[in-house]
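Chain residues, written in single-letter form:
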Amino acid sequence: MFNQLGVIGCGLMGGSFALALKRAGLVRQVVGYSKSPSTTEKAKRLGVIDIAAESALLAVSGSDLVLIAVPVAAIDATLKAIRHLVESGVLIMDVGSTKRDVVDTARRVLKDRVDCFVPAHPIAGKEVSGIDHADGQLYGGRQVILTPIAQTRPELVQKATDLWSAIGSQVLKMSPENHDAAFAAVSHLPHLLAFAYFSSVAKQPAGREFLSLAGPGFRDFTRIAASDPEMWRDVLMANREEILKQSLRFRHTLDALEHVIKQGNGDALEDLIRSASEMRLGWQMSTPKR
Ligand code: NAP
């Protein structure tokens, strides 16, 4: 049981975490801070937080657990704002979608107090953002990746593991580098492609008419193109090296498909499609639905 959770960034992820901890009876009170006072006030009105703080530092004051749930580009400024109150034993986590940049920032800003920081990335979310969409069940049945570094205190990693497990998440640990390489492939590139693909259809002269004919496959395929622009700008910029590597790989695969189409080689095209289809089916059978 934590005495006080300080949430910095009372949006979808921060608000959902506060609600989940409250539901599970894991925290006595929640203090929240967001950039706009109106967001913080709304979080209080909705019962997501109990006390609205006027600064990030005030949200950390007296908290034995701190969650930083701001866009990844705002983590540097947030850590700078709170570093004077980061005390030994306080568990500080983020929920940023990239980890190498966050860990580098934490090392640089927190210095020896980086031992309190347990970087986290819940594989949960929605296309919508903001406190209105906070949901106490968001993390249930979802994976949470922790990317501790050599300095991270093992007992705080254990505390973080127990906490996420208590709200129904499955906890995995990996290095920040492996995290960013993997999520470039399975999350960041698909978002980049969804933005590009939807734009290319919608912006062509007959785009509106074509879209009016689109079926469920198109809807499934483009769902994530409606994601939050600010959040995805930050993620794509922060993990650009890995994303560009994945994008190049994708380009080669697309080139191979286009090549056999141009050649009119139906057999080769079918082989490429069969290989993708079988791999997708195999993956589906071996992976629990999340
Ligand atoms: P969100 O709903 O837009 O919430 C972000 C909150 O951070 C807003 O309340 C915003 O305040 C606040 N904020 C922005 N800059 C700030 C600053 N400098 N100081 C204090 N508060 C600040 O976004 P979200 O979806 O919860 O995303 C938060 C983090 O979770 C991001 O790092 C993202 O990468 C990560 N994440 C998101 C998802 C997802 O699917 N959404 C999944 C996994 C991880 P205002 O309302 O005042 O602007």
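First things first, this report covers the structure right here in the doc.

What counts and how
Residues numbered from 1 in each chain as written. Predicted model: local features only at pLDDT ≥ 70, side-chain atom pairs only at ≥ 80, totals over all residues. Heavy atoms only, no water. Pairing = 2+ DSSP bridges. Helix = DSSP H or I, 4+ residues; strand = E, 2+ residues; numbered from the N terminus. Axes fitted to C-alpha atoms, helices over the stretch in contact; angles between N-to-C directions. Near = heavy atom within 4 Å. Polar contact = N/O pair within 3.5 Å; in protein donor to acceptor, adjacent residues only side chain to side chain. Areas by Shrake-Rupley, 256 points an atom, 1.4 Å probe, with all protein chains shown as cover. Nonpolar A, V, L, I, M, F, W, Y, C, P; charged D, E, K, R; others polar. Buried < 20%, exposed > 50% of the residue type's maximum accessible area, 1.4 Å probe, protein only. Contact = heavy atoms within 4.5 Å. Core = buried A, V, L, I, M, F, W, Y, C linked by side-chain atoms within 4.5 Å.

What follows is about the sheet that holds strand 7 (residues 120–122). Backbone-to-backbone hydrogen bonds join strands into a sheet, with any given pair of strands oriented parallel or antiparallel. Strand order in the open sheet made by the 3 strands is 7-8-9, with mixed pairing throughout. Each edge of the sheet is formed by a strand with only one pairing partner; in this case those strands are strand 7 and strand 9 (170–173). With direction set aside, neighbouring strand axes in the sheet form an average angle of 20 degrees. Across 3 bridges, the pairing between strand 7 and strand 8 (residues 143–146) is antiparallel. Along strand 8, the bridge assignment pairs Ala 120 with Leu 146.

Near the ligand lie 26 residues; those nearest to it are Ser 36, Thr 39, Val 70, Ser 97 and Gly 130. Side-chain polar atom of Ser 36 to an oxygen atom of the ligand: 2.5 Å apart, as the coordinates give it. Against a free-state accessible area of 890 Å², the protein chains account for coverage of 85% of the ligand. Breaking the shell around the ligand down by element, the ones donating at least two residues are helix 1 (12–23) and strand 7. Residues that form the shell around the ligand fall into these classes: 13 nonpolar, 11 polar and 2 charged.

Time to look at helix 10 (residues 229–238). Within helix 10 the residues assigned to the buried category are Trp 232, Asp 234, Val 235 and Leu 236. Buried residues belonging to helix 10 abut helix 7 (176–202) and helix 11 (240–263).

In spatial order, the strands read 3-2-1-4-5-6; together these 6 strands make up an open sheet with parallel pairing. At either margin of the open sheet sits one strand with a lone partner, and together these are strand 3 (51–52) and strand 6 (117–118). Note: strand 2 (residues 27–33) against strand 3, 2 bridges, orientation parallel. Among the inter-strand pairings, Val 31 is bridged to a residue of strand 3, identified as Ile 51.

Once that is clear, we can look at the nonpolar core. In terms of nonpolar packing, the biggest core is built from 62 residues, with Leu 5, Phe 17, Met 93 and Trp 164 touching the most fellow members. Among the elements that take part in this core, helix 1 stands out by supplying 6 residues, more than any other. When neighbours within four sequence positions are excluded, Phe 17 is seen to be in contact with Leu 5, Leu 65, Leu 67, Met 93, Tyr 139, Leu 163, Trp 164 and Ile 167. By size, the runner-up hydrophobic cluster in this structure holds 5 residues, among which are Ala 184, Trp 232, Leu 236 and Ile 243.

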